[in-house]
Structure formats: structure tokens, C-alpha cells
Amino acid sequence: RRQHNIFEVGDWVVNIKTGTFGDFIKYADTNKGHKHCFVDIGLCDVALFCVKNIRHATDEEIKAGKRLEAL
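This text gives an overview of the structure that appears in the document. Everything numeric in this text was worked out from a predicted model, so none of it was measured.

Next up on the list: the environment of F38. Along the chain, the position of F38 falls in strand β3 (residues 36-42). For the pair F38 and V9, spaced 29 residues apart in the sequence, the C-alpha separation amounts to 10.0 Å. Setting aside residues up to four positions removed in sequence, F38 forms contacts with D23, F24, I25, K26, A28, V46, A47 and L48.

Laid out in C-alpha cells, this is it:
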């Protein structure tokens, strides 16, 4: 799934624009151009991200619980 940018519930993702790290929830039905999705960013907050701006978190990022700057 990682190599094809396919996301499923529970996948850890990183927003490449903001560095926000969270848990993929589901795709959003916005019908407005680019695909969007809901991501649980912690503390009961859910954000709407453009799918083109997210990537799967690496195993190291998941272990650290945050985006790693070296990537």
C-alpha cells in the first residue's frame, strides 16, 4: 500500500506540507477536485487533508510518534 499511496483505516500518515502526524480515518466525499481524507491528529481532533499532501509514516516515525526531520 505504501508504494501506491493507498491508505486504509489505522494507517499512520504524515502531512508533507505541515508535518502533522496522525491516524488515517477515511476518505472524505467532497466532490471538489482533489481527494481529501479525515485524519485523527490526536487529542480528539480530526483534520481534513488533501490526499496528495500525505504519505505513509515510516516505521521509525511511528515508533517516535512524530515526523522525523531527516526525511
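Now for the side chain of N15. For N15, the position within the fold is in strand β1 (residues 12-15). On the basis of relative accessibility, which here comes to 6%, the residue N15 falls in the buried class. In this structure the side chain of N15 is engaged in a polar contact, spanning 3.2 Å, whose partner is the backbone nitrogen of T18. Beyond its immediate stretch of four places on either side in the chain, N15 contacts T20, F49, N53 and I54.

F7, V13, F24, C37, V39, A47, F49, V51 and I54 together form the largest nonpolar core, which totals nine residues. Broken down by secondary-structure element, the contributors of at least two residues to this core are β3 and β4 (45-50). Apart from the residues lying within four places of it in its own chain, the contact partners of A47 are C37, F38, V39 and I41.

Moving on, we get to the sheet that holds β3. Sheet architecture is open: five strands sit in the order β4-β3-β2-β1-β5, paired in antiparallel fashion. Looking at strand neighbours, the two that pair on one side only are β4 and β5 (54-56), the edges of this open sheet. Across this sheet, the average inter-strand angle for adjacent strands is 45°, counted without regard to direction. Where β3 and β4 come together, six bridges link them in antiparallel fashion. Residue pairing across strands places G42 opposite D45, the latter belonging to β4.

Cut-offs used in this document
Residues numbered from 1 in each chain as written. Predicted model: local features only at pLDDT ≥ 70, side-chain atom pairs only at ≥ 80, totals over all residues. Heavy atoms only, no water. Helix = DSSP H or I, 4+ residues; strand = E, 2+ residues; numbered from the N terminus. Contact = heavy atoms within 4.5 Å. Buried < 20%, exposed > 50% of the residue type's maximum accessible area, 1.4 Å probe, protein only. Polar contact = N/O pair within 3.5 Å; in protein donor to acceptor, adjacent residues only side chain to side chain. Core = buried A, V, L, I, M, F, W, Y, C linked by side-chain atoms within 4.5 Å. Pairing = 2+ DSSP bridges. Axes fitted to C-alpha atoms, helices over the stretch in contact; angles between N-to-C directions.

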